[in-house]
Amino acid sequence: MTDSIILHHYEMSPYAEKIRLMFGITGGSWQSLLSPAWPPRPNVDPLAGGYRRIPVAQIGADIFCDSGLITEEIARISQCEALNPATVSAQARELMTRAEKEVFFAAVGAVPPLRLIGTLLKAFGPLDAYRFVKDRSSLMKGGARKARTAGSPKKSDPKETLRSFIEALELQLAEDLWLSGDSPTVADLCAYHPLWLNVATNRQPLDAGPNVRQWYARVAELGHGDRKEIDQATAFASAKQSEPRPLPADVILDAEHVGEAVSIAPSDYGTVPVTGVLAGVTAGRLILARDTTEFGLLHVHFPRAGYAVTS
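Residues numbered from 1 in each chain as written. Predicted model: local features only at pLDDT ≥ 70, side-chain atom pairs only at ≥ 80, totals over all residues. Heavy atoms only, no water.

> Just to check I follow, could you spell out the overall build of the chain for this structure?
Of regular secondary structure, the chain possesses ten helices and ten strands. Over its C-alpha atoms the chain spans a radius of gyration of 19 Å, differing by no more than 12% from the 19 Å that the globule rule assigns to 311 residues. For the chain, buried positions account for 51% of its 311 residues. Roughly 14,400 Å² of accessible area belongs to the chain as shown, and the carbon and sulfur atoms make up 55% of that amount. Measuring between centres, the 32 positive side-chain charges of the chain sit 8 Å from its 35 negative side-chain charges. (Helix = DSSP H or I, 4+ residues; strand = E, 2+ residues; numbered from the N terminus. Rg over C-alpha atoms; globule rule 2.2 N^0.38 Å. Buried < 20%, exposed > 50% of the residue type's maximum accessible area, 1.4 Å probe, protein only. Areas by Shrake-Rupley, 256 points an atom, 1.4 Å probe, with all protein chains shown as cover. Lys, Arg positive; Asp, Glu negative; His and termini not counted. Charge placed at Lys NZ, Arg CZ, Asp CG, Glu CD.)

> Honestly, the packing of aromatic side chains in this entry has me stumped. Any pointers?
Given two aromatic rings, one states the distance between the centres and the angle between the planes to describe the pair. Summed over all chains, the structure comprises twelve aromatic pairs. A ring pair is formed by Tyr 15 and Phe 104, whose centres lie 4.7 Å apart and whose planes are at 40°; its orientation type is tilted. Here Tyr 15, found in helix α1 (residues 14-26), pairs with Phe 104, found in helix α4 (residues 90-109); they are 89 residues apart in sequence, far enough to count as distant. For the pair Tyr 15 and Phe 104, one class covers both residues: buried. Aromatic side chains Phe 104 and Phe 105 sit 5.5 Å apart centroid to centroid with 85° between the ring planes, which places their arrangement in the edge-to-face category. (Phe/Tyr/Trp six-rings, centres within 6.5 Å; stacked < 30°, edge-to-face > 60°.)

> What is the right way to read the pairing of strand β1 (residues 6-9) from this model?
The side chains of a regular strand alternate between both faces of the sheet. Side chains of β1 alternate between two faces, with Ile 6 and His 8 and Leu 7 and His 9 buried alike. Alignment of β1 against strand β2 (residues 29-34), held across four bridges, turns out to be parallel. Across the sheet, His 9 pairs through a bridge with Leu 34, a residue of β2. Handedness of the crossover joining β1 and β2 through α1 is recorded here as right-handed. Bridge count for β1 against strand β3 (residues 56-59) is three bridges, and the pairing is antiparallel. Paired with His 8 across the two strands is Val 56, which belongs to β3. (Pairing = 2+ DSSP bridges. Right-handed = clockwise from strand over helix to strand, strands pointing away.)

> Explanation requested: helix α5 (residues 113-124) in the structure shown.
Think of an α-helix as turning once every 3.6 residues; residues three or four places apart then point the same way. For α5, spanning twelve residues, the distance from its first C-alpha to its last is 16 Å, which sits close to the expected 16 Å at 1.5 Å a residue. Within two residues after α5, Gly 125 carries a phi angle of roughly 85°, on the positive side. (Expected span 1.5 Å × (residues − 1).)

> Where do I start with the packing of α5 against helix α8 (residues 186-202) in this structure?
Describing two packed helices takes the angle between their axes plus the distance from one axis to the other. The geometry of α5 relative to α8 is characterised by a closest axis approach of 8 Å and an angle of 85° between their N-to-C directions. The angle between α5 and α8 falls in the class roughly perpendicular. Each of Arg 115, Leu 116 and Thr 119 in α5 lies in contact with α8, whose residues at this interface are Ala 200, Thr 201 and Asn 202. In the contact of α5 with α8, the residues fall into two nonpolar, three polar and one charged. (Axes fitted to C-alpha atoms, helices over the stretch in contact; angles between N-to-C directions. Parallel < 35°, antiparallel > 145°, perpendicular 65-115°, else oblique. Contact = heavy atoms within 4.5 Å. Nonpolar A, V, L, I, M, F, W, Y, C, P; charged D, E, K, R; others polar.)

> How should I be thinking about unusual backbone geometry in this particular structure?
Most peptide bonds take the trans form, and the phi angle of most residues other than glycine is negative. Following Pro 39, the chain continues to Pro 40 via a peptide bond in cis, the omega torsion being 0°. Phi is positive for Asp 66, close to 90°, though the residue is something other than glycine. Its location among the elements puts Asp 66 in the loop between β4 (62-65) and α3 (67-78). The phi dihedral of Arg 203 falls on the positive side, at around 55°, and the residue is not glycine.

> Mind showing me how you'd approach helix α10 (residues 232-240) here?
Every buried residue of α10 is accounted for by Ala 235, Phe 236 and Ala 239. Looking down the long axis of α10, one finds its buried residues gathered within 95° of arc, a one-sided arrangement. (Arc of directions from axis to C-beta.)

> Would you mind showing me how to read the packing of α4 against helix α7 (residues 158-172) here?
Between α4 and α7, the least distance of the axes is 9 Å, while the angle of their chain directions is 150°. Accordingly, the angle class assigned to the pair α4 and α7 is roughly antiparallel. Handedness of the crossing formed by α4 with α7: left-handed. Counted together, Gln 91, Ala 92, Leu 95, Arg 98, Ala 99, Glu 102, Val 103, Ala 106 and Gly 109 of α4 and Pro 158, Thr 161, Leu 162, Ser 164, Phe 165, Ala 168, Leu 169 and Gln 172 of α7 form the full contact between these two elements. When the residues that make up the contact of α4 with α7 are grouped by side-chain class, the tally is ten nonpolar, five polar and two charged. (Left-handed = near helix turned anticlockwise from the far one by under 90°.)

Interpretation in functional terms is not warranted from these geometric data alone.
This is the structure:
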């Protein structure tokens, strides 16, 4: 991997765990900058313009928001086809979609409330546990709920949603070690991270059949690649000393709002807008230029899917 990628994350973030495991698949080196579990996040807020979610990735003066887009960047740097969703089987892609939507939210909802409270108290202490719950409650306000996907139960019972998903994984893993064949792919990481969240918050072994339990252990064994801890000053220096990379060759020249001041925010949750000038649009991403006093010009990248642009 030739580009130096910085991951702004915190240890208990399930989406960050999904990304960290990608470095296990690629064997790549990366720089880790730990962030607070809730805003303000002084190490990343000035770079990403207040983007609410985490993790965020950084390569010099280019900032990448949303784990799907971060996946694209790791796949590009490492030239790892296993991280391209287009290369996995249709069945595995369906499981990925379920995992990223209703199963993710069910992973915590399925945990008994008293046990969940105990986990938060153990992780953060009384005051910060309260702050964490308050922050996550506000995070879910103002956005559209994700639609139910095929194969999930009609009732919004988180325990049933999680059970149905684990049963589907058990069937998928009956013949192969991994969800899309004989080697790990992005599908395995997407399916794994809500289960990892459930195990971490429930503080109990995963309630699953033998195929899923063995697969779960194999995913964990992938590890996190070559991780190096850095400090905020190092990340900020990387942004200051760099220029944003050239716009992609596939930018849509006549895309709406290019060159205009806009705000970009997720459509579902964490709908805090980031403002700047829309520098470029491709089939899959939005690139926002932010001219900052501290760092100079930054490009903040967002997926097009699931994000709204307002002028």
